[in-house]
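A look at the structure
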Amino acid sequence: MDQQCEALEPRSTIVYIVYMGKKTVEDHELVTKSHHDTLASVLGSEDLAKRAILYSYRHGFSGFAADMNPGHAKALSKMPGVVSVFRSKKMKLHTTHSWDFLGLDVMKPKGILQESGFGVDVIVGVVDSGVWPEAESFNDKSMPPVPTRWKGICQIGENFTASNCNRKLIGARYFDQSVDPSVEDYRSPRDKNSHGTHTSSTAVGRLVYGASDDEFGSGIARGGAPMARLAMYKLYEESSSFEADIISAIDYAIHDGVDILSISAGVDNTYDYNTDGIAIGAFHAVQNGILVVASGGNSGPYPSTITNTAPWILSVGASTIDRGFYAKIVLPDNATSCQDGYCTEARLNGTTLRGKYVLCLASSAELPVDLDAIEKAGATGIIITDTFGLISITGNLSLPIFVVPSACGVQLLGHRSHEKSSTIYIHPPETVTGIGPAPTVATFSSRGPNPISPDILKPDIIAPGVDIIAAIPPKSHSSSSAKSFGAMSGTSMSCPHVSGVAALLKSLHPDWSPSAIKSAIMTTAWNMDNTRDIITDSFTLSYSNPFGYGAGHINPTKAADPGLVYVTTPQDYALFCCSLGSICKIEHSKCSSQTLAATELNYPSITISNLVGAKTVKRVVTNVGTPYSSYRAIVEEPHSVKVTVKPDILHFNSSGTKLSYEITFEAAKIVRSVGHYAFGSITWSDGVHYVQSPISVQVNDFIRA
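Residues numbered from 1 in each chain as written. Predicted model: local features only at pLDDT ≥ 70, side-chain atom pairs only at ≥ 80, totals over all residues. Heavy atoms only, no water.

Within an unreviewed UniProt entry, the label attached to the protein reads Peptidase S8/S53 domain-containing protein, and the organism entered is Selaginella moellendorffii. Comment text from UniProt for the protein, heading Sequence similarities (unreviewed entry), reads "Belongs to the peptidase S8 family." (UniProt positions renumbered as here; feature names shortened; annotations may be inferred.)

Below, the structure written as structure tokens:
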């Protein structure tokens, strides 16, 4: 067996991650032995070291996770060859119509889907809660043999055998070294909580006709790249060392040979990269030619809440689509409300709710509902008042839930207080498409600016993440049903939309690097909605900005032919890390006098968080379009900032040619702009392609006239 999977006894020590940078030898056994030796030097014996190590990271990079006390961790941090030592942190696991909304029509004779072979033979690794292999979305009918370059396994376990893998689901692993024996979940790649099945089918699910969530949103369910291969790397959200698990998952994904890695998880309140497990693992994935796509988190609408902010990660925010599920509530009669509006088991206090709808009053983004308690009490359904427009209903729900504005909730509650008993009338819900404005930035989607490196714009992009219908396990896990679908919301749902598009681009352009694919997605994004207006914010109902939507809303068709791309190499990222000093020690041993400031990184967006006077930055674009072409710069200046581009015309005479330009930002004399961000863009166009980069500038000084 390639990996040890027996559950450990509950521990009194702490799980630390010891990161040792790029591995110096290729022999995996020698790498593991070096980890044992390193840990043994502080624990006292090799036997103790072997018992303490949970994971040996030995494929894409070198390091290990182990049980130890703070004294051992401190001693290890001072040893030669050790880049960083940090405690393993808890993480959060952050469709019938959404792909139509993105313009990917399976019925069209031409388009990115058809030209890419529907993503044929691209391998997408999904790091999530597992997979339900019997789901129709993972059938392998008419799929060619598994690519010979694949080196992964189908790891057997509880209710999961090698036969559960096929030509679609080509590999599956699970990482349970830190999961308490009391946790009720499959000790195998099989999914229990629906999250992983949903995200993976969103990215690469096959076409399934007649899919719906209890008759809502009926249509053809499919992933972005239906002919791409799936490899699942299962994590347990209840794990006491989730971060150590996810690093191991990334390490194995590098070994196995995935092309795209989709991660719908993250750590809140992370303020450096050298203690960010996803950032570390993703860096080495990119070194190995793998594009890493990760969710940006669900802590919006508050500023600087964005996660997965490293520039080598494609960070995804969430947007709405032009579909909604609506029902008319006729004043009521049989609604009941909990004291203080929080519908928890304690508040219900044994109340029988059979035949009743429960009215719950929300005062924050936290869902004020204990779904299990209400279901056990026999309720028919739930009505939630959304006072601030912050509520997001996520997960696989077994009760009907209706979200109403606060005014409606007050009306319902007021009526209930005057009526001893009454009946509520809810008209049958309807699925409505074509609504607008859409997309909008979802209220829950985490926002910029980047809390670690403010000169790197995050999120990079937004994609559909509200009420996304995709495959889930059947409600009864003993059921043989292969057509079980449910709606979920979150940046977890946005992330696999981008991963699916990335798989199409990788199939269409197999020689493109991770940064080229990322650039193509960013520079072709929409920043207008379906009413031909600027994308708005669902919370403020006013115009959003790049801290909400990044470069814009993903546009798969345009991304297939971007014209120009901004290429960034792993060496560039390493030099960027060197410029950050102690907060980014990845590959730090290579640091010398040469560094690369965040503003100088060849990124597809431009952010200057501290403009004092004037600043000039350089960018390099690579021609991937028409060999003989000329591009002219079109600038939308940020308020109170003068922008100059030199040269303002780029002439290309072959495909693959690289040309550079400089863009100078000069603060104007208008004092009221000091200390506030202003936004604009630079677009290079040859009349066919429009290669747009968002600009975000905070002026902290001005030039006097």
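**Considering the overall build of the protein**
Within the protein, the secondary structure is distributed over 16 helices and 34 strands. The burial tally for the protein puts 58% of its 705 residues in the buried class. When the accessible area of the protein is evaluated, it comes to approximately 27100 Å², of which 51% is carbon and sulfur surface. (Helix = DSSP H or I, 4+ residues; strand = E, 2+ residues; numbered from the N terminus. Buried < 20%, exposed > 50% of the residue type's maximum accessible area, 1.4 Å probe, protein only. Areas by Shrake-Rupley, 256 points an atom, 1.4 Å probe, with all protein chains shown as cover.)

**Focus on the sheet that holds strand β1 (residues 14-19)**
Taken in spatial order, the 4 strands of this open sheet run β2-β3-β1-β4, and their pairing is antiparallel. Edge positions in the sheet fall to β2 (53-57) and β4 (84-87), since each has one partner strand and no second. The sheet shows a mean angle of 20 degrees between the axes of neighbouring strands, taken without regard to direction. Bridge count between β1 and strand β3 (residues 63-68): 6 bridges; the pairing is antiparallel. Looking at β3, one finds that valine 15 is bridged to aspartate 67. Sitting on the sheet, helix α1 (residues 28-43) is in contact with β2 and β3, with an inclination near 135 degrees to β2. (Pairing = 2+ DSSP bridges. Axes fitted to C-alpha atoms, helices over the stretch in contact; angles between N-to-C directions. Contact = heavy atoms within 4.5 Å.)

**Digging into the sheet that holds strand β26 (residues 564-565)**
If you trace the 4 strands from one edge of the open sheet to the other, you get β26-β28-β32-β30, paired in antiparallel fashion. Either end of the sheet is taken by a strand with one partner, and the two such strands are β26 and β30 (641-646). Of the pairings in the sheet, the one linking strand β28 (residues 614-623) to strand β32 (residues 658-667) comprises 9 bridges and is antiparallel in character. Paired with alanine 614 across the bridge in β32 is glutamate 666.

**Here's the deal with the nonpolar core**
Ranked by internal contacts, the top residues of the largest apolar core, which has 63 residues, are Tyr233, Ile246, Val258, Leu261, Ile263 and Trp312. Looking at this core element by element, the count peaks at 9 residues for helix α7 (residues 242-256). When we break this core down by domain, the ones giving at least three residues each are domain 1 (15-87) and domain 2 (99-315 + 494-528). If we ignore the near neighbours within four places in the chain, the residues touching leucine 261 are Gly125, Val127, Ile250, Ala253, Ile290, Leu291, Val292 and Val293. Counting 53 residues, the second-largest nonpolar core is a separate cluster that includes Val122, Val131, Ala471 and Cys495. (Core = buried A, V, L, I, M, F, W, Y, C linked by side-chain atoms within 4.5 Å. Domains from an automatic or database assignment.)

**Considering the UniProt feature "active site" (unreviewed entry) in the protein**
Following the UniProt record, one finds the feature "active site" (unreviewed entry) at Asp128, His195 and Ser492. A maximum C-alpha distance of 9.6 Å is found for the annotated residues, which run over 365 residues; spatially they form one tight group. Counting through the fold element by element, aspartate 128 comes out in strand β5 (residues 123-128). Under the relative-accessibility criterion, aspartate 128 is labelled buried at 0%.

**Observations concerning the pattern of salt bridges**
Side chains bearing opposite charge may pair, as long as their charged atoms lie close to each other. Here the structure, examined in full by the defined rule, presents 17 salt bridges. With a shortest N-O distance of 3.8 Å, arginine 51 and aspartate 47 are connected by a salt bridge. Of the two residues, arginine 51 and aspartate 47 are both situated in helix α2 (residues 46-52); the distance of 4 residues between them amounts to about one turn of the helix. Using a relative accessible area of 47% as the deciding quantity, one classes aspartate 47 as partly exposed. Residues aspartate 460 and lysine 458 are paired through a salt bridge, measuring 2.7 Å at the closest nitrogen-oxygen approach. Of the two residues examined, aspartate 460 and lysine 458, each falls in the buried class. (Salt bridge = Lys/Arg side-chain N within 4 Å of Asp/Glu carboxyl O.)

**Here we look at the state of the cysteines**
With the rule as written, the count across this model stands at 2 disulfides. Sulfur-sulfur distance for the disulfide between cysteine 154 and cysteine 165 comes to 2.0 Å. In this structure the cystine formed by cysteine 154 and cysteine 165 twists about its S-S bond by roughly 85 degrees; its chirality is therefore right-handed. Pair noted here: cysteine 154 is in the loop between β5 and β6 (169-174) and cysteine 165 is in the loop between β5 and β6, with a separation of 11 residues, a long-range link. Relative accessible area serves as the criterion here: at 13%, cysteine 165 is assigned to the buried category. Across the disulfide, cysteine 577 is cross-linked to cysteine 584 (sulfur-sulfur distance 1.7 Å). Neither cysteine 577 nor cysteine 584 differs from the other in exposure class; each is buried. (Disulfide = S-S within 2.5 Å.)

**Some remarks on helix α12 (residues 491-508)**
If you check α12, its first and last C-alpha atoms are 26 Å apart, about what 18 residues at 1.5 Å a residue would give, namely 26 Å. Of all 18 residues in α12, 17 are buried, a share of seventy percent or more. (Expected span 1.5 Å × (residues − 1).)

**Here's the deal with the environment of valine 82**
With respect to the helices, strands and loops of the structure, valine 82 is situated in the loop between α3 (70-77) and β4. Linking valine 82 and tyrosine 19, residues 63 residues apart in sequence, is a C-alpha distance of 6.2 Å. Residues within four places of valine 82 in sequence aside, it is in contact with Val18, Tyr19, Met20, Leu76 and Ser77.

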